[in-house]
Structure formats: structure tokens, C-alpha cells
Protein chains: 2
Amino acid sequence: MRLGFGGVEDPADVEDLKVRISKTLDDTLARQADVLDGISEDLAPLMDAVSDLLRGGKRLRAAFCYWGWRGAGGGDIPGIVSVAAALELFQAAALLHDDVMDDSDTRRGMPSAHRRLAALHRGNGWLGSPETFGMAGAVLAGDLCLSWCDELYAQADLPAEALAAGRSVFDRMRTELMSGQYLDMLEQVQASTSVERARHVILYKSAKYIVQQPLLLGGTLGGAGPELLSAYDEYGRALGEAFQLRDDVLGVFGDPATTGKPAGDDLREGKRTVLVALTLERCSPAEAAQVRRSLGDPRLDTAGVNHLREVMRASGALDAAEDMISDLSARALSVASGVPAPARDVLERLVTSATVRAQ
Amino acid sequence: MRLGFGGVEDPADVEDLKVRISKTLDDTLARQADVLDGISEDLAPLMDAVSDLLRGGKRLRAAFCYWGWRGAGGGDIPGIVSVAAALELFQAAALLHDDVMDDSDTRRGMPSAHRRLAALHRGNGWLGSPETFGMAGAVLAGDLCLSWCDELYAQADLPAEALAAGRSVFDRMRTELMSGQYLDMLEQVQASTSVERARHVILYKSAKYIVQQPLLLGGTLGGAGPELLSAYDEYGRALGEAFQLRDDVLGVFGDPATTGKPAGDDLREGKRTVLVALTLERCSPAEAAQVRRSLGDPRLDTAGVNHLREVMRASGALDAAEDMISDLSARALSVASGVPAPARDVLERLVTSATVRAQ
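Residues numbered from 1 in each chain as written. Chains lettered and ligands numbered in written order. Predicted model: local features only at pLDDT ≥ 70, side-chain atom pairs only at ≥ 80, totals over all residues. Heavy atoms only, no water.

1. Some points on the overall build of chain A
Point 1. A count of helical and extended segments in chain A gives 16 helices and two strands.
Point 2. Computed over its C-alpha atoms, the radius of gyration of chain A comes to 21 Å, within 12% of the 21 Å expected for a compact globule of 359 residues.
Point 3. When its C-alpha atoms are laid out on the principal axes, chain A stretches across 60 × 60 × 30 Å.
Point 4. Counting the 359 residues in chain A, one finds 62% classified as buried.
Point 5. Within chain A, contacts between residues at least 6 apart in sequence are counted, and of these 76% link residues at least 24 apart.
Point 6. Total accessible area on chain A stands at roughly 12,900 Å², and carbon and sulfur atoms take up 50% of it. (Helix = DSSP H or I, 4+ residues; strand = E, 2+ residues; numbered from the N terminus. Rg over C-alpha atoms; globule rule 2.2 N^0.38 Å. Buried < 20%, exposed > 50% of the residue type's maximum accessible area, 1.4 Å probe, protein only. Contact = heavy atoms within 4.5 Å. Areas by Shrake-Rupley, 256 points an atom, 1.4 Å probe, with all protein chains shown as cover.)

2. Focus on the interface of chain A and chain B
Point 1. The partner chain B presents 55 residues to the 55 residues of chain A that form the contact.
Point 2. One can count six salt bridges joining chain A with chain B.
Point 3. A salt bridge links R174 of chain A to D150 of chain B; the shortest N-O distance between them is 2.6 Å.
Point 4. The interface formed by chain A and chain B includes 14 residue pairs in polar contact (both at pLDDT 80 or more).
Point 5. At the level of secondary structure, the elements contributing two or more residues to the side of chain A that touches chain B comprise α1 (12–39), α2 (44–55), α4 (78–102), α5 (113–124), α6 (130–155), α7 (160–190) and α8 (195–221) of chain A.
Point 6. In terms of residue count, α7 of chain A provides more of the side of chain A that touches chain B than any other element does, 17 residues in total.
Point 7. Of the residues that constitute the side of chain A that touches chain B, the class distribution is 30 nonpolar, 15 polar and ten charged. (Salt bridge = Lys/Arg side-chain N within 4 Å of Asp/Glu carboxyl O. Polar contact = N/O pair within 3.5 Å; in protein donor to acceptor, adjacent residues only side chain to side chain. Nonpolar A, V, L, I, M, F, W, Y, C, P; charged D, E, K, R; others polar.)

3. Notes on the pattern of salt bridges
Point 1. Enumeration according to the criterion identifies 56 salt bridges over all chains in this entry.
Point 2. A salt bridge links D345 of chain A to R344 of chain A, with the nearest nitrogen and oxygen atoms 3.7 Å apart.
Point 3. Via salt bridges that share partners, D150, R167, D171 and R174 of chain A together with D150, R167, D171 and R174 of chain B belong to a single interconnected network.

4. Brief notes about the relation of the copies chain A and chain B
Point 1. The two copies are related by a screw motion: chain A maps onto chain B through a turn of 180° and a shift of 0.0 Å along the axis, at an RMSD of 0.0 Å. What the superposition gives is, in effect, a two-fold axis relating one chain to the other.
Point 2. Looking at the interface residues of chain A, 100% of them are also at the interface in chain B, so both copies use one shared face. (Least-squares fit on C-alpha atoms with pLDDT ≥ 70 in both.)

5. Regarding helix α9 (residues 226–253) of chain A
Note that an α-helix has 3.6 residues per turn; residues three or four places apart therefore point the same way.
Point 1. The terminal C-alpha atoms of α9 of chain A, which comprises 28 residues, lie 40 Å apart, in line with the 40 Å expected from a rise of 1.5 Å per residue.
Point 2. Within α9 of chain A, 21 of the 28 residues are buried, which leaves the element mostly enclosed by the surrounding structure. (Expected span 1.5 Å × (residues − 1).)

6. Considerations on unusual backbone geometry
Point 1. For R59 of chain A, which is not glycine, the phi torsion reads 55° and is therefore positive.
Point 2. Along the polypeptide, R59 of chain A turns up in the loop between α2 and α3 (60–71).
Point 3. Judged by relative accessible area, which is 4%, R59 of chain A ranks as buried.
Point 4. For D103 of chain B, which is not glycine, the phi torsion reads 50° and is therefore positive.
Point 5. Locating D103 of chain B in the fold gives a position in the loop between α4 (78–102) and β1 (106–107).

7. A few points about the confidence of the model for chain A
In low-pLDDT segments, the atomic positions of the prediction should not be examined closely.
All names here are of chain A.
Point 1. The share of residues in chain A with pLDDT of 70 or more is 94%, and the mean pLDDT across the chain is 90.
Point 2. Within the model, the stretch residues 1–11 combines pLDDT values under 50 with 45 contacts to residues more than four positions away or in other chains.
Point 3. If you check the scores for this complex, the pTM reads 0.91 and the ipTM reads 0.90. (pLDDT = per-residue confidence, 0-100.)

8. A closer look at the side chain of S112 of chain A
Residue and element names in this part refer to chain A.
Point 1. Mapping S112 onto the fold places it in the loop between β2 (110–111) and α5.
Point 2. Classification of S112 by relative accessible area gives buried; the value is 1%.
Point 3. When residues no more than four places from it in sequence are discounted, the contact partners of S112 are D99, S104, D105, T106 and R107.

9. Structural notes on the nonpolar core
Point 1. Within the largest apolar cluster, 260 residues are counted, with the highest numbers of intra-cluster contacts made by F64, L221 and Y235 of chain A together with F64, V83, L221 and Y235 of chain B.
Point 2. The residues touching F64 of chain A, leaving out its near neighbours within four places in the chain, are I210, V211, P214, L215, Y235, L239, F243, L347 and L350 of chain A. (Core = buried A, V, L, I, M, F, W, Y, C linked by side-chain atoms within 4.5 Å.)

10. With respect to the packing of helix α7 (residues 160–189) of chain B against helix α8 (residues 195–221) of chain B
Residue and element names in this part refer to chain B.
Point 1. Two elements in contact, α7 and α8, have axes separated by 9 Å at closest approach and are oriented at 165°. Taken together, α7 and α8 sit at an angle that is classed as roughly antiparallel. α8 is crossed by α7, and the crossing has left-handed handedness. (Axes fitted to C-alpha atoms, helices over the stretch in contact; angles between N-to-C directions. Parallel < 35°, antiparallel > 145°, perpendicular 65-115°, else oblique. Left-handed = near helix turned anticlockwise from the far one by under 90°.)

11. Section: the packing of helix α3 (residues 60–71) of chain B against α4 of chain B
Residue and element names in this part refer to chain B.
Point 1. For the pair α3 and α4, the least separation of the axes is 8 Å and the interaxial angle reads 150°. It follows from the interaxial angle that α3 and α4 lie roughly antiparallel. For α3 against α4, the interelement crossing comes out right-handed. Between α3 and α4, the contacting residues are L60, R61, A62, C65, Y66 and W69 on the first element and I80, V81, V83, A84, L87, E88 and Q91 on the second.
Point 2. Within the contact of α3 with α4, the residues separate by chemical class into ten nonpolar, one polar and two charged.

12. Things to note about the packing of aromatic side chains
Point 1. Taken as a whole, this structure holds twelve aromatic pairs over all chains when the rule is applied.
Point 2. Centre to centre, the rings of W126 of chain B and F133 of chain B are 5.5 Å apart; their planes meet at 65°, and the pair counts as edge-to-face. For the pair formed by W126 of chain B and F133 of chain B, the shared burial category is buried.
Point 3. Taken together, the ring pairs in this structure connect W126 and F133 of chain A together with Y182 of chain B into an aromatic cluster.
Point 4. When the ring centre of F170 of chain B is taken as reference, the NZ or CZ atom of R174 of chain B above it lies at 4.1 Å. (Phe/Tyr/Trp six-rings, centres within 6.5 Å; stacked < 30°, edge-to-face > 60°. Lys NZ or Arg CZ within 6 Å of the ring centre and 35° of its normal.)

13. Comments concerning the environment of G68 of chain A
All names here are of chain A.
Point 1. Along the chain, G68 falls in helix α3.
Point 2. Judged by relative accessible area, which is 0%, G68 ranks as buried.
Point 3. Spatially, the C-alpha atoms of G68 and F253 are 32 Å apart, while their sequence positions differ by 185 residues.

14. Thoughts on the side chain of S294 of chain B
Point 1. Along the chain, the position of S294 of chain B falls in helix α13 (residues 285–294).
Point 2. Judged by relative accessible area, S294 of chain B falls into the buried class, the value being 7%.

15. Thoughts on helix α6 (residues 130–155) of chain B
Point 1. Helix length check: α6 of chain B, at 26 residues, gives a terminal C-alpha distance of 37 Å against a target of 38 Å (1.5 Å per residue), a fit within 8%.
Point 2. Counted residue by residue, α6 of chain B has 22 buried out of 26 residues, so it is predominantly covered.

16. Here's the deal with the state of the cysteines
Point 1. By the definition in use, this model includes zero disulfides over all chains.
Point 2. Not part of a disulfide, C145 of chain B finds its nearest cysteine sulfur in C149 of chain B, a span of 9.0 Å. (Disulfide = S-S within 2.5 Å.)

Listed below in C-alpha cells is the structure:
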């Protein structure tokens, strides 16, 4: 499972916001580090794993939350930056637990937290299994992030009524993301080939979570009316799915230098993406059997990867995915044009960035 | 690691409260089940694992929270029952993740959540490892409980200022429990033999979490003054440690019919308890070497368990642990006598229950 996505160029406004989000996260983590230090200095490696993870990331959820607020007429105040930063803590928790569930080696270009903690165990020659220690530590690190996310939300300097109203979105987002993660696991273990099911999982695991819910949270906090919220809803759903589809395409056809992952890794991991489902729907029975055999094969070599790519191209699945991305982007762009400035410009630019074929 | 504790008889008031806590939890889970059903019926096994886990439990944290509120002059209103129930959701999350970290087979007399989900995977003949699927599902189930705990707290029908004041305790409790869990892991892997370190871990993993923080949360929500909060602090710290020490003793000397665990299981798991530390401190070097070899040996037989028990008795470690329990209980009882009725009576009875040698 991958929860981030690549290929987005950051507009300048987003870049500026990123700096302020990072500052808020740094302050929050410094406060929590004091709490942990007060308990025991042995907790430092746990804190380091969280801090290092939070140094990276595109802060996309934070950006959509912030611009959702601005679009609803909210001012550029610290309270909304706190809520936006809280979403990044939630995302960090999701990544920490996701990496444990997938047993991933790396995250954001660094060893994953459970690998780091396993290395700590090994380096000290401690008793028992380094892997178990690393897994348990990363689960706890994720739990800490979930708690700190909630803390940051509750303490945000925004009117109590606004925070109470935003909770319905905040709570729903958390439940839906965990649910989407479980459904995604089910897709992999059931080796689902349904385009419809794959799109349903995308909706809960990525589309709603990356764009729609952060936007709706910002909008709700800012007191957006039903019309604007409905626009956010549609924009978010469309752009979120377009982003995820682009990520799926990049996962197979992308340049490793851009994606940060070895070419074909998604295929070796057996990811059941919409692109895969479209391929299985369109290729011949013999090709489909071959695709099923290759998907999830950890020893799949370059020739095997190239063959799968060719089947995706020749079957028309790649074109179909690109068509879906174009349609979804066009819809998001059309909705964004109705959002009040200055949010409109940023939302439009984010659509454009997402439609770029970074390959 | 064990987060609950045994041997406590429930006074009638506590029993009545348990019914209301269970009702609140049932209502909460029914609401969340509707949300999950709206996403996908495939989420039912995840929901079932959470519901079944929450049907059990002594509701001790909830009780201390409730009586902390009553002791501060708070009335018998639904809002405090909601907050108390939220603590049980937090405890469920801790248990779900704890069982994953320890790879435990059972919890509250039933198969643990990750085992249940692994069995679901196996029964359906799904792809991949049943164990990995079970582990990932249980991590997500715990994450859901953390989110729902927070949701229940935030929605509790109590004055906003009270809830805001209580957050400092609520937040600290969560951070400290996760930290305590990590320190507990460190104790096991470092095979620590220090009484002082073992007591430090108990403080954060159990003593504060079982009694002190729930009491302080209830008290803070109820607007308790510094004197009462200080009494709760001292009572909670002492009784929590006494409870945990009793649990440690029962873990070695308890009747399996009462503890729900096979005799000597704590020894086979290599739990680094205060009782173990006291033993290593007092026995001969030859005995200490033997204890170290036996602790954590999964094949330790009845004769081996009996031998360890004999070393604990003969070295005076068991008596020392019982003396600590007596001293701590006396301190808690003395503090409880100064708390306003009706909380005083319940707090006193809970001390008495905890000091009973249920063996």
C-alpha cells in the first residue's frame, strides 16, 4: 500500500504553507519530546523515528485543509495551520502502521521506523527478535502520533463551535481511512480483479483521504455553506481519484529517480490497482493468466516487468487509465473554477500539476 | 505484558456502573457499525473483533474516572459515563495492539483479534500469510478504537470548559501509556534485573494508567481543587502499584481457574516483574543464574515452575512483595478516608478488594 502520491509540482503558495506546517509540527514534537524525556531518556529512539518521518512529505492533506478554509472565507491565521498540521500527524501514524502491515523497508527515502528500531535492537545485542521489537515499537510510535494528532486538533486556536462542527469530518476521515486500509488488504489477499471494487477501495483509502476530507474539514471549520461544501466534495473525489490513478500508472511506468521506488516494485508487491483491473478486463485469457502469475512475484525481473507493461499498453488499459485521469481532472477543474479566490487559483493549479504525466 | 489485573471483587455500586458503561459502549459501537456498514459489508469481521473484546473487562478505568468525578462533587449524569466509557475504548485499543506486539493467543478468554482475523483468512483460503493479515487487521482495529475513544470524549455531554481542562490529563495518559509499553518492552529485551527500573515501568504502564489518571481525569472534569487532586494522585499511584504487584504475584502463585492463564505462564513469557527483580536481588548467585535461565523458557515444566516459586519464597522475595502491597494499600486507604462521600466508600472498598490474597 502506498498512501502518498508523486508527480505534483508545488505552487509557490503551497511551498510557503509547507514551511509553516513544518514549523508547527516541529513545535508540537518539541513539546512532546519534553514529555517523553520526563518519563525516560530511553524513549529517545521512538521520538527520533517520529521526528524524522515528519520531516518529509508533501503536506498535501495540510494544504487542502488550509485552502478549504481559505475558500470558505477564513483568514490566514495560526489556528487553521494547527489543524492542517494535525492531519500530517495522522498521516504519519497511518504510514508508520502501514509500513508495519506491509513490512516495508523504506519510507520517504529512509529506513522505515520498524526497520530502524529492529536495527537498534540488533546493534545492542538485546534478547529476543529484533523484528518483533521493531514492529512493536513502530505500532507504539503510530499510536503516539494518533494521540498527538487529536491533541493538536483539540488545542487549535479556533472557535470552539468551529472545532466541534469540524469533528464530524475529522472523525469520519479517521474511520474511513482505517476502513479503506482494511479493504485494500482484502483486495490483495482475495486477488480481486474487479475495476469497480478497486475504485471503491481507492475512494476510501486515497481519494477521500488525500483531497476531499481535508478540503471538507477546512471548509466546515470555515463555515462554508452547502454549495461550497458540495463543490469541495466533488472536486475532492475527482481529483483524489485522478491523483491515485496517476500514482498507479507511475508505479508501473514511472522513472525510479522520480518515484523513489525501483521500477516494477508495485508489480512485484502484487498491488491490485485500477490499472491492473483494467488490464485484466481487456487482455486475452492467456495474457490474463500470465499477468496473474507475474503479479506479486518477488523475483519478477526486468523482462517480466517489460512484458507486463506491454500487455497494459497493447490491451488499451493504459489509455483507458489516462482517459479516466483526463476526465476526472477536467471535472475537478470545472468545479474549482466556481470556488472563491484565492483558494480557486491554488485548487486549479493543483489539478494541473496532478494531470502532468511526470514520465 | 498484561494490562488488566485480577482478584478484585466488585462492590455493588461498581457493578451498577458497569452496566451503564456497557450500554454506552454498545450504543457507540452500534453507531460506528452503521458507518462501517455504509462503507462495505466486508468490514463486519473487524467490527466484530472490537465488539466482542469490549463485551469483557472489569471497567476499572471507567470506575475510577466516574468516582473521581463524584468525589469532586459531580452529579450522576450521562456525560461522565461517556468519558468513562471512552477510557474503555482506549483500553481496548491498547489490548488489541498489545496482543499483536506479544503475539498472544487469547484475550479475555477468547482468541485474540489477530488470531481471529488470521483464522478468517485461513478459512477463506485467501492469498498470502494468514498471520500477516491477522496482525494488520488487529492494528487497524486498535486504530479505530483510538479514534472512537477520542470521538466519545469530545462528544461527551459535559461543559466545554470541563472537557478542555480534562484534556491535559486525557492527553498525558495516552502518551504515558504508549511510553510505558515501550519501556516495558525494553525491560524484557534487556533482561533488566533492577527493582527500581521495574517499578518505574509499572508506574507508567500500569499504576498511573489503571487508577491514578482515570481518577485525576474524573476529578479534573468535576472541577476538583488542588487538595483533592493531590489525594487522587497519591491514592492512585499507591493503589495502582499495589494492584500491579498483586497481579505479578498471582501470575506466579495464582490459581489458573482465577487468573485465566496456565500456571507459570508469566515465567515462561519471561515477564520482568518487580517480584522477579526482588528475587534476583535476594537469592544466591547460583539460584540467580538458575532463575535467569528458566525465565522466558517456553518449555519450563511444572517442576521448573515449582522450583522458581520455592526460590521466590525462600529468598524472602514473596514476603517482600506482600509487604510492599500492604504498605501501598495502607497508604491508599489512609488517603481515601479523606475523600468526600460517596466516592470515599467506593475508593475504600476498592483498596480492600485489591489487598485480598485471591489465593
